[in-house]
Amino acid sequence: MNLSAQFDFVRWLTALDEIRPGKSSFLIQPVKDQETRNQDIELLQRVGARDLSAFAEFYDKYASLLFSIASRILHDASEAEDVLQETFVQIWEKADSFDPKLGTASSWAATLARNRSIDRIRASQRRARLQNEAGVENATIAEDGETANSALYGLEKAKLIQSALVQLPAEQRQPIEMAFFSGLTQHEISEKLGEPLGTIKARIRRGLLQLRDKLGDLL
Amino acid sequence: MIDERMEELASLHVLGALSGTEARQFRKAMQASPELQELVARLSRVTGVMAGAVPLIGPPPQLRAVVLAQAAPRQRTAALPPPKFRAALFLPWAFAVCLAILCAVLSTHENQLRQRISAETGQIGAMNQLAQTLQAATNDLQRTVAALQETNRLVNLRIAMLNSLVADAPKTVAVTLWDNQKQDGVFVAQNLKALPSDEDYELWVIDENQQPVAAGVFHVEANGSVRMEFKPGRLIKTAGTFAVTQEIKGGVASPTLKNMVLAGN
């Protein structure tokens, strides 16, 4: 199949998908995701150019995701609101520094919200308690129910993502979640789980690479 | 080709689990490796969707307005196009430049004033010195003039010894001190004999024309002494001789020569 034929095929699939809303084909999903990523990049570029309407659009699209992340990490709605405000101020001021080569707009914004939340925990007296909780609490990633991803990607894709995440072995998922949602360093995780540092590193690496491979074109 | 170690570091990096030093070193390595950048981008997308796998909790609706309101003031400031001329941006700089120029002008003016003050202070000092010199010269002149006046006064003074012309009073002695400039003088005599109550002694100044001019009458004390300041009745150009005659009480207009008791020059 030559390039032109490929283009026509993809366009046909896209058109078909538009005719059947809510019944996305897995084949055309990468095209849509790429479009979404491009739209996000353009949106952030407009935010970087101080376009308030673009900023409002970005807020509408990602506020739920960021607030959910902050709420999960902080376990406090009021503090999560503060973090959401701070994160969006940071997005407003640093949008022009976003580099698409290093990730998507959503992962960039999610990392900002995550880092803000972790910073807030570290600045407070709650770090020790949350660290303790991190070792004993149930898995952070919900196995069912509506997730922040469903608001962002739609229910179908969110379920695929959720499925990939929950299928991850617990020994890999746990240190990943402890690092990402509790802000623990590799040494702290090693200590908390009573596993050698090298083991922790290897589990984290394998877990993330596995997720990368499983999610594949969804990313 | 990325080895396992770098994959581990990339994984820990996207999870924020590297220490500060490790994270800096990794970022440095990543900048030099597009392949590593691609891996990090892919893993970041994994953490992005993992972050979104948390239960959905929507933010309070009113928060949207708060967030947008926080961005709006920043928008007004940030949206100003830097290359274009904007009076609001330029004004503070212009004001600063004007102030700088004004300061420079005032500083120059101040320096000029200081120089003028310094020069004029120097001139005043020189003039004071000159004035002091002149004052000293004036004082010298005044002293010289005073000395000259004193000399001149002494020149005009005339001291005359008057001798007794009568045989029965040989010890009588008299002196006149005459100031020709002031046209007055002092007469002092001793050992003059006492006169009857109806007679007086009369002093005469004989001028250059040998004309006697009455200079006053006097009466002696019991001890024969007398001191009298006198001033002739008319101008004496040059006093030639001084004489004393014995006259009737109150004196006479012309001397009685046969009664002359003292004379001298």
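Residues numbered from 1 in each chain as written. Chains lettered and ligands numbered in written order. Predicted model: local features only at pLDDT ≥ 70, side-chain atom pairs only at ≥ 80, totals over all residues. Heavy atoms only, no water.

### Regarding the packing of helix α8 (residues 155-166) of chain A against helix α11 (residues 197-215) of chain A
Residue and element names in this part refer to chain A. To keep things clear, this is the line we draw: In this analysis an axis means a line fitted to C-alpha atoms, helices contributing only their contacting stretch, and an angle means the value between N-to-C directions, from 0 to 180 degrees. The way it works is that DSSP assigns letters per residue, a run of H or I at least four long becomes a helix, a run of E at least two long becomes a strand, and they are numbered from the N terminus. Here a crossing is taken to be left-handed if its near helix is turned anticlockwise relative to the far helix by less than a right angle, and right-handed if that turn runs clockwise. Contact between two residues is taken to exist if any of their heavy atoms lie within 4.5 Å; hydrogens are not considered.
Between α8 and α11, the least distance of the axes is 10 Å, while the angle of their chain directions is 145°. Seen from above, α8 lies across α11 with right-handed handedness. Note on element contacts: α11 touches α8 through L211, K214 and L215, opposite L160, I161, A164 and L165.

### Comments concerning the interface of chain B and chain A
Rule in force here: Accessible area that two parts lose when put together, evaluated with a 1.4 Å probe and summed over both, is termed the buried area. Think of a salt bridge as a Lys or Arg side-chain nitrogen and an Asp or Glu carboxyl oxygen that are within 4 Å of each other.
Across the boundary between the two partners, chain B contributes 47 residues, which contact 60 residues of chain A. Between chain B and chain A the total buried area reaches about 4900 Å² when both faces are included, carbon and sulfur atoms providing 69% of it. When the area that chain B buries against chain A is broken down by residue, the three leading residues are L15, M50 and L56 of chain B, summing to 13%. Where chain B meets chain A, there are three salt bridges. The partner of E7 of chain B in a salt bridge is R205 of chain A, and the shortest N-O contact between them spans 2.8 Å. Of all the elements in the fold, those that place two or more residues in the side of chain B that touches chain A are α1 (4-14), α2 (20-31), α3 (34-51) and α4 (62-78) of chain B.

### Regarding the side chain of Q246 of chain B
Residue and element names in this part refer to chain B. Applicable threshold: Per-residue accessibility, obtained with a 1.4 Å probe over protein chains only, is compared with the maximum for each type, and a residue is labelled buried under 20%, exposed over 50%, and partly exposed between these values. Think of a polar contact as two N or O atoms within 3.5 Å of one another; within protein, one of them needs to be a possible hydrogen donor and the other a possible acceptor, and neighboring residues in sequence only count if both atoms come from side chains.
Among the secondary structure elements, Q246 is positioned in strand β7 (residues 241-248). You can call Q246 buried: its relative accessible area is 17%. Within polar-contact distance, the side chain of Q246 engages the side chain of E199 at 2.5 Å. Among all residues touching Q246, those that are not within four sequence positions of it are K193, L195, E199, D200, Y201, N259 and V261.

### Some points on the nonpolar core
Burial of nonpolar side chains together is a common tendency in soluble globular proteins. Going by this rule: Joining through side-chain atoms within 4.5 Å is the link that ties buried Ala, Val, Leu, Ile, Met, Phe, Trp, Tyr and Cys residues into a set, and such a set is a nonpolar core.
By size, the foremost hydrophobic cluster in this structure holds 78 residues, and its most contacted members are F58, F88 and I91 of chain A together with L15 of chain B. Top element by residues in this core is helix α3 (residues 52-74) of chain A. It accounts for 14 residues. Not counting residues within four places of it along the chain, the set of residues in contact with L15 of chain B comprises R114, I176, A179, F180, I204 and L208 of chain A together with T47 and M50 of chain B.

### Comments concerning the pairing of strand β3 (residues 184-190) of chain B
Residues and elements named next belong to chain B. Note the cut-off: Two strands are counted as paired when DSSP detects at least two bridges linking them.
Judged from the seven bridges that link them, strand β2 (residues 173-179) and β3 form a sheet pairing that is antiparallel. Opposite A174, over in β3, you have A189 as the bridge partner. With antiparallel pairing between neighbouring strands as the criterion, β2 and β3 make up a hairpin whose turn holds four residues, including Q183 at a positive phi of roughly 65°. Pairing of β3 with strand β6 (residues 226-230) involves five bridges; the strand directions are antiparallel. For A189, the partnering residue across the bridge sits in β6 and is V226.

### A closer look at unusual backbone geometry
Even without being a glycine, R50 of chain A presents a positive backbone phi close to 70°. Turning to its location among the elements, R50 of chain A is positioned in the loop between α2 (29-48) and α3. The phi torsion at Q183 of chain B lies on the positive side, around 65°, for a residue other than glycine. Mapped onto the fold, Q183 of chain B is located in the loop between β2 and β3.

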